[in-house]
Amino acid sequence: MPHTNRKKKSGAGDTGDVVMNGAEKTKKIVQPMKRKQVEDGEGWTHVIGGGKKASSGEAWTHAGDFVKDGVAYIERTVEEMRDDLVYYGKQWESSEAAKQLKGVLKGKGAVKNVVCLGLGSLQSARREGRRSSFTQLAALMMILEELGGIGADKIQCVFQDPQYTETDKEFLISLAGIVVDDPLAFDHIKEDTLVYAIHCYGPVYKTISSGPQPAVLIGTDMDNFSRLYL
């Protein structure tokens, strides 16, 4: 009589093993992880966990197609990213914040280059993270347009974020941007620079404040970092 696939009967000691053709294979059991707060060396509190944890001990806080340095990402093409930028760009341009920002930019013709820090990956497995990054990028592209456009013969824009994937870099370069590794972007900050650094960590703003003062800094409210003596 030929062998047939048969699942073991459940019992008190059942761990989810399956018997197939006489050989035993172990299923990977996915268990929920508890969320907990962790304070880093800079005094920031992070909430981690809340996703799934495989029996091997590998933690997944968000579903993704691949993982890099412990961060989950989804597969995206440059063409898909371009479509997403158009979509979020339309939403941004119709917002009241966009109108207010255009007013702030009037008379800022002294800006010669732009440095963008901490934009985040456009391939993040976190949907809200992608939305935030694309919206920030759409706002940045509007800023560059108001200043005269982006490009070698226009306004140079330097991008830096350790979480960029190779596709992120390819896409930003396709927009005429320049992508550099951390911390090289800080060397591009001069007195005629617009620094675009939204929701970055305190040490980023501290590094900015220790160098040449940029013409414009668009970022988080500095009152949030008063303890860093910015």
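Up top is the structure.
Residues numbered from 1 in each chain as written. Predicted model: local features only at pLDDT ≥ 70, side-chain atom pairs only at ≥ 80, totals over all residues. Heavy atoms only, no water.

Caption draft 1: Fine view of the packing of aromatic side chains. The tally for this structure, following the rule as stated, stands at 3 aromatic pairs. A centroid spacing of 5.4 Å and a plane angle of 15 degrees characterise the contact between F66 and Y73, whose relative ring orientation is stacked. Residue F66 is classed as partly exposed on the basis of its relative accessible area of 25%. Note on Y88 and F134: the rings are 5.7 Å apart at their centroids and 10 degrees apart in plane angle, and the pair reads as stacked. Here the residue Y88 occupies a position in helix α1 (residues 78-93), and F134 occupies one in helix α3 (residues 127-147), the gap between them amounting to 46 residues. For Y88, a relative accessible area of 15% gives the class buried. With a relative accessible area of 1%, F134 lands in the buried category. (Phe/Tyr/Trp six-rings, centres within 6.5 Å; stacked < 30°, edge-to-face > 60°. Buried < 20%, exposed > 50% of the residue type's maximum accessible area, 1.4 Å probe, protein only. Helix = DSSP H or I, 4+ residues; strand = E, 2+ residues; numbered from the N terminus.)

Caption draft 2: Structural detail: the pairing of strand β11 (residues 156-160). With 4 of its 5 residues buried, β11 lies for the most part within the structure. As paired strands, strand β10 (residues 113-117) and β11 are joined by 5 bridges and run parallel to one another. Among the inter-strand pairings, L117 is bridged to a residue of β11, identified as Q160. In this view, the connection linking β10 to its parallel neighbour β11 by way of α3 has right-handed handedness. As paired strands, β11 and strand β12 (residues 178-179) are joined by 2 bridges and run parallel to one another. (Pairing = 2+ DSSP bridges. Right-handed = clockwise from strand over helix to strand, strands pointing away.)

Caption draft 3: The arrangement of the pattern of salt bridges in detail. Counted according to the given criterion, the structure contains 5 salt bridges. Notably, a salt bridge pairs E80 with R76, separated by 4.0 Å at the nearest N-O pair. Where D181 meets K169, a salt bridge forms, and the shortest distance between an N and an O atom there is 4.0 Å. Residue D181 is located in the loop between β12 and β13 (193-197), and its partner K169 is located in helix α4 (residues 166-174); the two are separated by 12 residues in the primary sequence. Linked through salt bridges whose partners overlap, the residues forming this network are R76, E80 and D84. (Salt bridge = Lys/Arg side-chain N within 4 Å of Asp/Glu carboxyl O.)

Caption draft 4: Summary view of the side chain of T193. Relative to the helices and strands, T193 is located in strand β13. The class for T193 is buried, based on a relative accessible area of 0%. Apart from the residues within four sequence positions on either side, T193 is in contact with N113, V114, V115, H188, P214, A215 and V216. (Contact = heavy atoms within 4.5 Å.)

Caption draft 5: Seen up close, the packing of α1 against α4. Between α1 and α4, the least distance of the axes is 10 Å, while the angle of their chain directions is 60 degrees. For the element pair α1 / α4, the angle class is oblique. At the point where α1 passes α4, the crossing takes the right-handed sense. Judged by residue contacts, V78, M81, R82 and L85 of α1 engage T167, D168, E170, F171 and S174 from α4. Each residue belonging to the contact of α1 with α4 can be placed in one class, and the counts come to 4 nonpolar, 2 polar and 3 charged. (Axes fitted to C-alpha atoms, helices over the stretch in contact; angles between N-to-C directions. Parallel < 35°, antiparallel > 145°, perpendicular 65-115°, else oblique. Left-handed = near helix turned anticlockwise from the far one by under 90°. Nonpolar A, V, L, I, M, F, W, Y, C, P; charged D, E, K, R; others polar.)

Caption draft 6: Examining the nonpolar core more closely. By size, the foremost hydrophobic cluster in this structure holds 36 residues, and its most contacted members are V114, L137, L140, F159, L194 and Y196. Take this core: its biggest share by element is 10 residues, from α3. Sequence-distant contacts of Y196, defined by excluding residues within four places in its chain, comprise V115, C116, L117, Q136, A139, L140, I143 and I218. (Core = buried A, V, L, I, M, F, W, Y, C linked by side-chain atoms within 4.5 Å.)

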